[in-house]
Each structure stands twice: as structure tokens, then as C-alpha cells.
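A closer look at the structure
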Amino acid sequence: MTLPFAASPAERRLLTEGRLSGPMPWVIAIMMFLTVLAAAGGLALNHAARNVTGSIAQRITIQIVEANPDLREQQTRAAMAALSAMEGVTAVNRVPDAEIEALIEPWIGGAGEEEGIPVPTMIDADLTEEAHDRLETVEEAIIAAAPAARVDDHAQFLAPLAGLIGSLTWLALALVLLTASALAASVILAVRAALNTHRGTIEVLHLMGATDIQIARLFQRRIALDALLGGTIGFLTAVIVLLLLGQRIGAVGSELLGSATLPPLAWLLLILLPIIGAVVSTLVARFTVIGVLKKML
Amino acid sequence: MAARMATTIVQFENVGLRYGTGAETLSDVSFSLDGGGFYFLTGPSGAGKTSLLKLLYLAQRPSRGLIRLFDEDVVTLPRDRLPGFRRRIGVVFQDFRLVPHLSAFDNIALPLRVAGVEEDELATPVNEMLAWVGLSDRASARPATLSGGEQQRVAIARAVIGRPEILIADEPTGNVDPEMAARLLHLFDALNKLGTTLVVATHDIHLLSRVSAAQLMRLEGGRLSDPTGALKNPPREPHMGKPRKPSA
Ligand SMILES: Nc1ncnc2c1ncn2[C@@H]1O[C@H](COP(=O)(O)OP(=O)(O)O)[C@@H](O)[C@H]1O
Ligand SMILES: [Mg+2]
């Protein structure tokens with residue numbers, strides 16, 4: 001079994017060296033660019049989806065909506081105590097008042113408390129999956145301790161977002177598959193065109209006793225080089241675009257967008273794409289050539 | 001005499017060839033060729049000479065009949081065994097079929113490269129071949145820059161370099177002047193004396209008299225017009241024993 005790229009120096013000189021067909025590397029570069037972008041999008045979304053469903057989906061937020069500040073403070077402590085005592089609650093954190101004020105500032109202006117507008121207190125609690133499943137009993141226990149409590153389940157308002165992210169991930173995967181098939185199709189067309197251009201030479205080689213494998217090797221080597229060249233160009237362009245996008249996202253500073261970054265494993269998968277592209281192109285070229293040759297005696 | 005008895009290396013029995021659905025191009029063709037012989041295949045244009053040669057150099061399978069080459073049935077031979085047989089046959093095509101982007105040197109080297117001969121073992125035989133056909137100074141020329149006669153000699157050198165057991169030439173004097181035709185025949189005669197079996201298709205009857213020991217096959221309308229009569233002459237004894245095997 002020889003490597004798909006292997007061709008002896010003797011075989012290499014059977015066909016002209018140099019580029020196989022002008023636009024071929026560029027077509028591959030464009031396909032690879034789109035594939036890498038779609039794959040990066042899919043991987044980033046997948047990563048974000050994990051963050052959303054993983055860390056904050058089992059989080060609940062309790063608001064104590066009570067006009068009397070003393071009562072509000074009392075109920076807040078009672079709710080926190082009840083939560084801490086509860087089984088399946090992994091973390092209880094009171095959201096600092098300053099943070100809440102910052103949150104509502106755009107709506108009521110900087111002087112909420114002074115003007116007598118009651119600002120609720122907020123408690124974030126992380127539940128285990130098992131506790132999250134029996135959210136109703138958790139809610140009942142909290143309200144028993146603090147009647148003014150209102151429990152918000154993050155999973156509930158995250159559900160449509162998680163659904164959207166899931167759909168987008170599938171869309172990205174579909175795009176990767178589509179561009180990959182378009183790439184394979186263009187390789188087939190390029191090989192057919194090359195076979196036609198070199199038909200006379202192939203027939204002569206064939207009648208001299210060259211085997212199908214020998215002739216296929218001449219073509220697959222050239223296609224492999226084209227695919228590697230085009231794939232690298234497309235990949236590098238996509239990486240530049242991704243890095244610029246990453247900078248922009250970092251500048252926005254949003255937690256949700258921030259979670260849409262690429263983990264190291266995703267980069268590794270992206271680097272594999274041009275390599276896989278070259279190998280697949282080589283194999284497609286090989287089987288196309290052998291398929292065409294099989295029709296000759 | 002017995003020790004030098006020629007062996008049959010080609011045998012056709014009731015061979016028929018039909019392209020598509022039309023009438024048969026070749027019908028009931030039966031003959032056999034002895035190793036070391038020199039055979040002319042004549043007949044008017046369109047008689048089926050090229051078609052018969054194609055069957056012989058394994059570019060075409062017959063529609064019916066039996067063909068044996070080197071003592072094996074090649075009609076039913078699996079496809080992957082054909083290259084081995086083809087490497088024992090040299091062909092000078094009617095239209096030369098030189099590879100346009102390769103130099104004379106590289107064209108002549110093709111069969112050796114196909115056979116996997118190493119690059120550093122290539123130069124000597126190819127240069128010898130170029131000298132033999134008188135084209136040493138044209139080694140790096142592309143076919144398009146060669147004259148018709150020069151192209152023809154490159155084609156012959158390419159057909160011969162692998163030391164084929166059978167050399168097939170289709171109308172080799174078709175587009176050269178009489179002087180060149182005479183030189184080519186001299187070349188073929190020399191090869192035949194080295195033991196190569198020659199099959200030369202031509203409609204030029206003046207050629208036939210130039211090789212005294214050659215035997216004649218005549219095709220007309222796809223049939224060997226008098227196969228038994230044409231092949232009655234016993235084959236001439238090879239001058240230098242059996243043909244040599246290809247070098248690799
Ligand atoms: N590939 C082909 N397809 C269909 N008909 C063909 C093909 N090759 C040859 N023929 C026909 O077969 C007949 C014999 O042709 P050919 O063998 O070339 O004769 P010759 O070489 O004696 O001139 C001609 O009528 C030709 O038109
Ligand atoms: Mg002809």
C-alpha cells in the first residue's frame with residue numbers, strides 16, 4: 001500500500017509538472033474558507049450552548065419584592081437561610097445592591113432609593129439537576145420562608161435561546177457538509193477536465209502497459225498539491241477573519257457573546273479541515289481516475 | 001533445424017469485430033504468426049488493417065473468436081493482467097501519438113518509466129536509441145518542432161526501447177518520402193534480425209518487395225482474402241535466436 005501522495009520521480013515526469021488547472025486551487029480556497037467559517041460558527045455555538053445549558057441553566061434567581069426595607073431585609077435573610085439548608089442547592093449568593101442599582105439605573109435614573117422607589121433584593125442560587133427537576137417544592141419552601149419572594153427559573157427564559165443556538169449549530173453543521181460536498185464535486189469536475197485534456201497521453205500510457213494505479217497516481221498527486229495549497233489559503237483567510245471577529249466580540253464585553261469563543265479543541269478541529277480536505281480530494285481524484293480508466297480496455 | 005523451430009506467438013481463430021451495431025468490420029479472421037517473423041498486412045484503405053492491429057495490441061476486444069498471444073487467451077484475460085502483455089508489445093501508431101508536452105528524450109523514455117526503470121539507468125538506453133534513429137541532436141525538442149519524419153523516428157524509438165517481443169507498425173511510411181521509407185524499412189529489418197517479430201500494416205505495395213523474407217497477409221472488406229495462401233511461406237529463421245525480454 002503506497003501513500004496517496006507517493007509518486008516515484010519517474011512517474012512524476014509522465015505528465016507535465018505545474019498547476020493542473022488554473023482556478024482549481026482558488027475554488028478549493030473559497031470552499032475551505034466557507035467550510036472553516038461554518039465549522040467555527042458551529043463549534044462556537046456548541047461551546048456557548050454548553051455554557052448556557054451547563055452552568056446557568058440550573059440557576060434560579062429569587063427577587064424579594066417588598067416595599068418595606070426592614071421587612072425586605074428580613075425576608076431576604078430568611079430566604080437565603082432556607083436555601084442554604086435545602087438539599088440540592090450548591091451555591092447561594094446575594095446579588096450586591098450596587099449591582100442591582102447599576103442594572104436598573106438606565107430605567108429609573110441614578111437616585112432610585114433616595115426618591116423612595118423600592119428596589120427589590122436578588123439572590124442567585126445554583127441547583128443540582130435533581131433539585132432543578134423538583135423546582136416546585138424548592139419554590140414552595142422559599143415562599144414559606146419569604147412570602148414576598150418571586151422565583152425566576154433561568155432555564156425557562158433560556159429555553160428559546162438554547163433552542164435557537166441548537167438550530168444554528170445544526171445549520172452550521174449542514175453548511176459544513178454542503179460546502180464539503182461542493183468541494184468534492186468540484187474536485188470530480190476538475191479531475192474529469194484534466195482527464196479529458198490528457199486523454200491522448202493517458203491512452204498512450206495505457207497501451208504501453210501503465211496500470212490504472214500508476215496513471216491515477218499522476219493525477220491524485222497534482223490534485224493533492226492543489227487541494228493543500230487552496231485549503232491552506234482558505235484556512236488562513238478564515239482564521240484571520242475569526243481572530244478579527246474575536247476581537248470585536250471581546251470589545252462588546254457581553255457575557256453571552258463572550259461565551260461564544262473557540263476552545264483549544266475547536267481550533268485543533270479547524271486545523272484538521274484543510275488536511276482532511278486534501279486527503280478527501282486525493283481519494284476523490286483517485287477513484288474518479290480509476291472509474292474513468294475502467295471504461296477503457 | 002528442430003532446435004530453431006519457430007514458435008507460434010500470435011493466433012487468431014474465426015475472429016470477428018463489430019463496432020457498435022453496424023456490419024462486422026472484421027469477419028472470420030484466422031491466422032497465426034511465428035516468433036521472429038516479418039509480416040506485412042496489406043489491403044485497401046478501410047479494409048480493417050488498423051482494426052486488426054488494435055486487436056493485436058490489446059486496444060480492443062473482438063466481438064467473437066479466439067485470440068491467443070504469447071500462448072495465452074487474451075480475449076477472456078482479466079483487465080488487470082493486460083498491462084503485463086502490453087509491455088511485451090511495441091506499437092508505432094499511424095498518427096504517432098507522441099506526448100506533445102514531452103521532449104523527444106522523454107517520449108522515448110516513456111515505456112521505461114512505465115516499467116519502473118530508475119532515472120539514473122534511463123539516460124544510456126534512451127541516448128542510444130536517439131543515436132540509432134539519428135536524432136541525438138534533437139533530444140530536447142518537442143514533437144511540434146520536429147518534422148514528420150523525425151516524429152516518426154521518435155515514435156519508432158519509443159516503440160522499440162522496451163525491447164518488445166512484437167513490434168507493430170501501422171502505416172509507418174504513410175507520411176514520409178520514399179527515401180525515408182527505405183530507411184525505416186532498413187531499421188525494421190535490423191530489428192527483425194535481432195529477433196523481434198514485426199507486423200507492419202501498409203497499403204504501399206512497393207514496400208513489400210524490400211524485405212525479401214517478409215510474408216504477406218491481405219485484408220479486403222474485413223476478411224483475410226487468402227489467408228492460407230498468404231501464410232504458406234514458412235517463416236524465415238530468426239538470425240539471432242529468440243527475442244529478448246523487456247529489460248525490466
Ligand atoms: N472506432 C471505430 N468505430 C466505428 N467504426 C470504426 C472504428 N474504427 C474503424 N471503424 C471502421 O472500420 C472500418 C475499417 O477501418 P480501419 O480498421 O481503420 O481500416 P484501415 O486501417 O484498413 O484503413 C472502416 O469502415 C472504419 O470506418
Ligand atoms: Mg488504418
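Residues numbered from 1 in each chain as written. Chains lettered and ligands numbered in written order. Predicted model: local features only at pLDDT ≥ 70, side-chain atom pairs only at ≥ 80, totals over all residues. Heavy atoms only, no water.

Within an unreviewed UniProt entry, the label attached to chain B reads Cell division ATP-binding protein FtsE, and the organism entered is Parasphingopyxis lamellibrachiae. UniProt, in the comment section headed Function (unreviewed entry), describes chain B in these words: "Part of the ABC transporter FtsEX involved in cellular division. Important for assembly or stability of the septal ring." (UniProt positions renumbered as here; feature names shortened; annotations may be inferred.)

The name given to chain A in an unreviewed UniProt entry is Cell division transport system permease protein, and the organism recorded there is Parasphingopyxis lamellibrachiae.

Our next topic: the overall build of chain A. If you tally the helices and strands in chain A, you get 11 helices and 4 strands. The buried share of chain A, reckoned over its 297 residues, is 41%. Across chain A, contacts joining residues at least 24 apart in sequence account for 87% of those joining residues at least 6 apart. In the structure as shown, chain A presents an accessible area of about 15,600 Å², 66% of it carried by carbon and sulfur atoms. (Helix = DSSP H or I, 4+ residues; strand = E, 2+ residues; numbered from the N terminus. Buried < 20%, exposed > 50% of the residue type's maximum accessible area, 1.4 Å probe, protein only. Contact = heavy atoms within 4.5 Å. Areas by Shrake-Rupley, 256 points an atom, 1.4 Å probe, with all protein chains shown as cover.)

All names here are of chain B. Around ligand 1, the neighbouring residues are Tyr19, Thr25, Pro44, Ser45, Gly46, Ala47, Gly48, Lys49, Thr50 and Ser51. With respect to ligand 1, the backbone of Gly46 contributes an N or O atom lying 2.7 Å from an oxygen atom. At a separation of 2.6 Å, an oxygen atom of ligand 1 approaches a polar side-chain atom of Ser51. Here ligand 1, which alone exposes 560 Å², has 55% of that area covered by the protein. When the residues that make up the shell around ligand 1 are grouped by side-chain class, the tally is 3 nonpolar, 6 polar and 1 charged. (Near = heavy atom within 4 Å. Polar contact = N/O pair within 3.5 Å; in protein donor to acceptor, adjacent residues only side chain to side chain. Nonpolar A, V, L, I, M, F, W, Y, C, P; charged D, E, K, R; others polar.)

When the parts of a complex come together, some accessible area is lost, and that lost area is often taken as the interface size. The interface is formed by 23 residues belonging to chain A together with 23 residues belonging to chain B. Taken together, both faces of the contact between chain A and chain B bury some 2,100 Å²; the carbon and sulfur share is 63%. Joining chain A to chain B, the criterion identifies 2 salt bridges. With a closest N to O distance of 2.6 Å, Asp212(A) and Arg79(B) form a salt bridge. Counting across the chain A and chain B interface gives 7 residue pairs in polar contact (both at pLDDT 80 or more). (Buried area = accessible area lost by both parts, 1.4 Å probe. Salt bridge = Lys/Arg side-chain N within 4 Å of Asp/Glu carboxyl O.)

With that settled, consider the packing of helix 3 (residues 104–114) of chain B against helix 4 (residues 123–132) of chain B. All names here are of chain B. Between helix 3 and helix 4, whose axes approach to 10 Å, the crossing angle comes to 120 degrees. Viewed along their axes, helix 3 and helix 4 adopt a mutual orientation that is oblique. You can see that helix 3 and helix 4 cross each other, and the crossing is right-handed. Every residue of helix 4 that contacts helix 3 at Ala104, Phe105, Ile108, Ala109 and Leu112 is listed here: Ala123, Pro125, Val126, Asn127, Met129 and Leu130. For the contact of helix 3 with helix 4, the residue count by class is 10 nonpolar, 1 polar and no charged. (Axes fitted to C-alpha atoms, helices over the stretch in contact; angles between N-to-C directions. Parallel < 35°, antiparallel > 145°, perpendicular 65-115°, else oblique. Left-handed = near helix turned anticlockwise from the far one by under 90°.)

This paragraph deals with helix 6 (residues 135–145) of chain A. All names here are of chain A. Every buried residue of helix 6 is listed here: Leu135, Val138 and Ile142. Taken down its axis, helix 6 places every buried residue within 60 degrees of arc, on the same side. Set apart from the buried face of helix 6 by more than 90 degrees, the exposed residues are Glu136, Glu140 and Ala144. For helix 6, the secondary structure elements touched by its buried residues are strand 1 (59–64), helix 3 (69–85), strand 3 (121–127), helix 5 (129–133) and strand 4 (149–153). (Arc of directions from axis to C-beta.)

Three or more residues of helix 8 (residues 199–207) of chain A are buried, namely Thr201(A), Ile202(A), Val204(A), Leu205(A), His206(A) and Leu207(A). Contacts made by the buried residues of helix 8 of chain A are with helix 7 (154–197), helix 9 (212–252) and helix 11 (264–294) of chain A together with helix 2 (82–86), helix 3 and helix 5 (148–160) of chain B. Of the residues trailing helix 8 of chain A, Gly209(A) is marked for its positive phi of about 100 degrees.

What follows deals with the confidence of the model for chain B. Residues and elements named next belong to chain B. Residues of chain B with pLDDT of at least 70 account for 88%, and the chain-wide mean is 85. Note that pLDDT drops below 50 for residues 232–248; the model gives that stretch 39 contacts with residues more than four away or on any other chain. In the model output, the complex is listed with pTM 0.71 alongside ipTM 0.84. (pLDDT = per-residue confidence, 0-100.)

A word on the packing of aromatic side chains. All names here are of chain B. One pass over the full model with this rule turns up 4 aromatic pairs over all chains. Between Tyr57 and Phe93, the aromatic rings sit 5.6 Å apart at their centres with planes inclined by 90 degrees, giving edge-to-face as the arrangement. With Tyr57 in the loop between helix 1 (49–56) and strand 4 (64–69) and Phe93 in the loop between strand 6 (89–92) and helix 3, this pair connects stretches of sequence that are 36 residues apart. Accessibility expressed as a relative area gives 5% for Tyr57, which makes it buried. Aromatic side chains Phe70 and Phe85 sit 6.2 Å apart centroid to centroid with 35 degrees between the ring planes, which places their arrangement in the tilted category. Note that Phe70 is positioned in the loop between strand 4 and strand 5 (72–73) and Phe85 in helix 2, a separation of 15 residues in sequence. (Phe/Tyr/Trp six-rings, centres within 6.5 Å; stacked < 30°, edge-to-face > 60°.)

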